[in-house]
Amino acid sequence: MIPHIDAKALSARAPEALSATRHGAEEVGFLTLHNTALDAEQVHAALDAYRAFFKGDAANKQAVNMDVTGSNRGWGGAGSEQVDPQANPDYKEVFDCGVELPADDPFARLPVYAPNQWPREPAGFQTTIETYFAQARAISLKLLQGISAAIGADPTFFADKFTKPMALLRGNYYPERPAWAGDRDFGIAAHTDYGCLTLLATDGQPGLEVQLRDGTWAPVQADPGTFIINFGEMLEMWTGGQVRATPHRVIGGAQERLSIPLFFNPAFDTNVAPPEAPPIEAGEHLSRRYMETYSHLQDGS
Ligand SMILES: O=C(O)CCC(=O)C(=O)O
Ligand SMILES: [Fe+2]
């Protein structure tokens, strides 16, 4: 049901990989991907670093709390994000980092390129996460080019749109579902991602559910080394609806769970409007969605 893609076969434009990718992008809005440049060991290293941070000292997390900044870099505690206005704020914790630009870049002061906040502990956290982030961005760009080829678009189209990507790497920590949690409480409530493509690694624990076209929810699970791919609102707009942004959620259960999404988004000034439509700036869309969902960026909060 959710197509499983061999990344190297897609890069080689193998016909089966192209048709499975097309089905995943146009019909399901989800894929799984293996045989990438990031192996299981590298994913485990990133998971271990995030786990040590989330389960470590509270003051170490508090020192990089994003809620005293005007951006989304650093730690967000439980309740720091509400992705579905019909649900309560999510009970997950997050750690976000992004792409920084040189100080003299005209976009450098925009909040979507804000400086990262790195914690003091665990040792080596910044290096481990930055290494993973760089590789995950390279995989995502290659994949996006493969998707263009799969859906019959120009595979070179994306190349120059991602030189200053508003990419965001997140560690999600879902503790055991709290005893007080009710119908409106989720690890992460139902949402579509805001950007182009999400490259998601998980610790292998189930929990993610994808909404199928008939409205039912289907579980998706992937062990470290296999990635779950989904598409966001920008790519749906950009392709005039050809690629689907599919809702997904995590209710959570008795086991704690970690996941690492890379939200891969183009440069701030990229026009992501559908063909023939008035321009929509990628950065405007992303900033609006951040302001709608991060508690500390909401008006009046
Ligand atoms: O943890 C997961 O499996 C999904 C996380 C997610 O959807 C998100 O962070 O946008
Ligand atoms: Fe998501």
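Residues numbered from 1 in each chain as written. Chains lettered and ligands numbered in written order. Predicted model: local features only at pLDDT ≥ 70, side-chain atom pairs only at ≥ 80, totals over all residues.

Okay, the site of ligand 1 next. Taken together, the neighbourhood of ligand 1 is formed by Arg170, Asn172, Ile188, Asp193, Leu200, Thr202, Leu208, His248, Val250, Ser259 and Pro261. Listing elements by their share of the shell around ligand 1, those giving two or more residues are β5 (168-174), β7 (197-202), β11 (248-250) and β12 (257-264). In the shell around ligand 1, the residues fall into five nonpolar, four polar and two charged. (Near = placed C-beta within 6 Å. Helix = DSSP H or I, 4+ residues; strand = E, 2+ residues; numbered from the N terminus. Nonpolar A, V, L, I, M, F, W, Y, C, P; charged D, E, K, R; others polar.)

It is worth spelling out the UniProt feature "domain: Fe2OG dioxygenase" (unreviewed entry) in the chain at this point. UniProt's entry tags residues 164-266 with the feature "domain: Fe2OG dioxygenase" (unreviewed entry), counted in the numbering of this structure. As annotated, residues 164-266 has a helix share of 6% and a strand share of 39%, and its two end C-alpha atoms lie 7 Å apart. (UniProt positions renumbered as here; feature names shortened; annotations may be inferred.)

With that settled, consider helix α2 (residues 15-28). Helix length check: α2 (14 residues) gives 19 Å between terminal C-alpha atoms against 20 Å at 1.5 Å per residue, within 8%. Among the residues of α2, Ala17, Leu18, Ala20, Thr21, Gly24 and Ala25 are the ones counted as buried. Contact partners of the buried residues in α2: β1 (4-6), α1 (7-11), β2 (30-34), α5 (125-150) and β10 (227-231). Glycine 29, located one to two residues past α2, shows a positive phi value of around 85°. (Expected span 1.5 Å × (residues − 1). Buried ≥ 20, exposed ≤ 12 C-beta atoms within 10 Å, placed from the backbone. Contact = placed C-beta atoms within 7 Å.)

Here we come to the sheet that holds β5. Across the sheet, eight strands lie side by side as β1-β2-β10-β7-β12-β5-β4-β3; this open sheet has mixed pairing. The open sheet terminates on both sides in strands that have one partner only, identified here as β1 and β3 (74-76). Here the average twist between neighbouring strands, direction ignored, is 25°. Bridge count between β1 and β2: three bridges; the pairing is parallel. Bridge pairing links aspartate 6 to histidine 34 in β2. Along the sheet, helix α3 (residues 40-54) makes contact with β4 (93-98), β5, β7 and β12, crossing β12 at roughly 115°. (Pairing = 2+ DSSP bridges. Axes fitted to C-alpha atoms, helices over the stretch in contact; angles between N-to-C directions.)

Take the sheet that holds strand β8 (residues 208-211) next. Read from one edge of the open sheet, four strands run β6-β11-β8-β9, paired in antiparallel fashion. Each edge of the sheet is formed by a strand with only one pairing partner; in this case those strands are β6 (188-191) and β9 (217-219). Neighbour-to-neighbour, the strand axes of the sheet open up by a mean angle of 25°, direction not taken into account. Relative to β11, β6 runs antiparallel, the two being bridged by two bridges. Counterpart to isoleucine 188 in the pairing with β11 is valine 250.

Most of β4 sits out of view: six of its six residues are buried. Because side chains alternate across β4, one face comprises the buried residues Glu93, Phe95 and Cys97, and the other comprises Val94, Asp96 and Gly98, equally buried. Where β3 and β4 come together, three bridges link them in antiparallel fashion. Note on β4: the bridge partner recorded for tryptophan 75 is phenylalanine 95. Bridge count between β4 and β5: six bridges; the pairing is antiparallel. Its bridge partner being in β5, aspartate 96 is matched across the sheet by arginine 170.

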